[in-house]
Amino acid sequence: MRKIIRNTVFVILISILIIFALFFAYLRFYRANDANLTGEWTAGLDMTQQASAAALGWLQEIEAVPISMQEIEAHMQGLTVELHLTLTQTDRSAGVFDSRILPESYTACSQAAYEAFAAAFQEMLAQRLHMAGYTGELDTDALEALVVETFGMSTPSYLASCVPDLLPPLEQLQAQYDGSGSYESADDILTRQFDNGQLVRTKTERYIRKDSTLIIIEETDSPPFGSYTEHYPLLYTLGTVEK
């Protein structure tokens, strides 16, 4: 009986040791792989709220047909500026980085913002014309023809000429995100030290790495005065950054 008990206890202990060995092997190999942040990552800065707020402010100034922030945002979906982050691990938990916003991406996002705003503007134009007793066609093509006839340009071009910038200035975004330097990672905390000539600043963020996805959240640095601050988690995907 004692022998059976000893054998049972022995088997249980061996099973526990095997389980712990497998667990530590997972931490050693899989988590170590996730901790290696080397790669060329791409994220999108969401410009929805900034563009919507600027558009709403202009509409309120010209006393247009009342419209809510939510209605404006419904037209402004998918407005992002690409942010490229290159990380190269040079030590077990340290390395160098380079972060850039492509001006081409900013230009494309700005154009998309005015085109999205044009759709909302035409809806309000149709409401105002209807309230004024206009009996002509009010479909998209008819409204666009009216705008071209009145202002001599398309709706997006007209809005771009008279509406304040819908996006934060490119220079502000670059001041916040562009730069290179060194980084350290420990306990899911990424600390990046930017070294841009005379300006040296440190950014501390929490990160989650899983395969080809990198999420960076909880920015705690103090950005340059007047610059735009991203308050949302940035979802990066691993890929090839265009040079």
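This structure is a prediction, so every number in the text was calculated from the model and none was measured.

S.K.: Can you lay out the nonpolar core for me, pointing to particular residues and giving the numbers?
M.R.: Ranked by size, the top nonpolar core spans 47 residues in total, and within it Phe-117, Leu-159 and Tyr-236 carry the most contacts. Counting residues per element, this core draws most heavily on helix α4 (residues 103-131), at ten residues.

S.K.: Give a detailed account of the side chain of Arg-201, specifying residues and quantitative values.
M.R.: You can see Arg-201 is positioned in strand β6 (residues 199-210). Here Ala-175 takes part through its backbone oxygen, which lies 3.1 Å from a polar atom of the side chain of Arg-201. Within the local environment of Arg-201, its side chain forms a polar contact with the backbone oxygen of Gln-176, the two atoms lying 2.8 Å apart.

S.K.: Help me get a handle on helix α6 (residues 155-162), residues and values and all.
M.R.: Buried within α6 are the following residues: Thr-155, Tyr-158 and Leu-159. Around the axis of α6, the buried residues are gathered within 95 degrees of arc, so they sit on the same side. Tucked inside the fold, the buried residues of α6 contact α2 (48-61), α4 and α5 (140-151).

S.K.: Summarise helix α7 (residues 170-177); cite the residues concerned and give the values.
M.R.: Residues Leu-170, Leu-173, Gln-176 and Tyr-177 constitute the buried set of α7. The buried residues of α7 occupy one face: seen down the axis, they fall within an arc of 130 degrees. Positive phi shows up at Gly-179, right after α7, with a value of about 150 degrees.

S.K.: An account of the packing of α4 against α5 is needed here, citing residue identities and associated values.
M.R.: Between α4 and α5, whose axes approach to 10 Å, the crossing angle comes to 85 degrees. Between α4 and α5, the crossing angle belongs to the class labelled roughly perpendicular. Contacts between α4 and α5 pair Gln-122, Leu-125, Ala-126 and Leu-129 from the former with Thr-140, Leu-143, Glu-144, Leu-146 and Val-147 from the latter. Of the residues assigned to the contact of α4 with α5, the class counts are six nonpolar, two polar and one charged.

S.K.: Can you explain the packing of aromatic side chains? Please cite residues and give values.
M.R.: The description of an aromatic ring pair rests on the distance of the ring centres and on the angle between the ring planes. The full count for this structure, using the stated rule, is five aromatic pairs. Both rings, one in Trp-58 and one in Phe-121, keep their centres 6.1 Å apart while their planes meet at 40 degrees; by these two values the pair is tilted. Placement of Trp-58 in helix α2 and of Phe-121 in helix α4 is noted, with a sequence separation of 63 residues between them. The exposure class assigned to Trp-58 is buried, which follows from its relative accessible area of 8%. A ring pair is formed by Phe-151 and Tyr-158, whose centres lie 4.0 Å apart and whose planes are at 20 degrees; its orientation type is stacked. Given a relative accessible area of 38%, Phe-151 falls into the partly exposed group. Among the aromatic residues, ring-to-ring pairing joins Trp-58, Phe-117, Phe-121, Phe-151 and Tyr-158 into one connected group. The ring of Phe-97 carries the charged tip of Arg-192 above its face, separated from the ring centre by 5.2 Å. Over the ring of Phe-194 we find Arg-201; its NZ or CZ atom is 4.3 Å from the centre of that ring.

S.K.: Outline the packing of α2 against α4, listing residues and values.
M.R.: Close contact between α2 and α4 brings their axes to 11 Å; oriented N to C, the two are set at 40 degrees. One finds that α2 runs oblique with respect to α4. Regarding α2 and α4, the two cross each other, and that crossing is right-handed. Contacts between α2 and α4 pair Ala-51, Ala-55, Trp-58 and Leu-59 from the former with Ala-113, Phe-117, Phe-121 and Met-124 from the latter. Split into classes, the residues belonging to the contact of α2 with α4 amount to eight nonpolar, no polar and no charged.

Rules and cut-offs
Residues numbered from 1 in each chain as written. Predicted model: local features only at pLDDT ≥ 70, side-chain atom pairs only at ≥ 80, totals over all residues. Heavy atoms only, no water. Core = buried A, V, L, I, M, F, W, Y, C linked by side-chain atoms within 4.5 Å. Buried < 20%, exposed > 50% of the residue type's maximum accessible area, 1.4 Å probe, protein only. Helix = DSSP H or I, 4+ residues; strand = E, 2+ residues; numbered from the N terminus. Polar contact = N/O pair within 3.5 Å; in protein donor to acceptor, adjacent residues only side chain to side chain. Arc of directions from axis to C-beta. Contact = heavy atoms within 4.5 Å. Axes fitted to C-alpha atoms, helices over the stretch in contact; angles between N-to-C directions. Parallel < 35°, antiparallel > 145°, perpendicular 65-115°, else oblique. Nonpolar A, V, L, I, M, F, W, Y, C, P; charged D, E, K, R; others polar. Phe/Tyr/Trp six-rings, centres within 6.5 Å; stacked < 30°, edge-to-face > 60°. Lys NZ or Arg CZ within 6 Å of the ring centre and 35° of its normal. Left-handed = near helix turned anticlockwise from the far one by under 90°.

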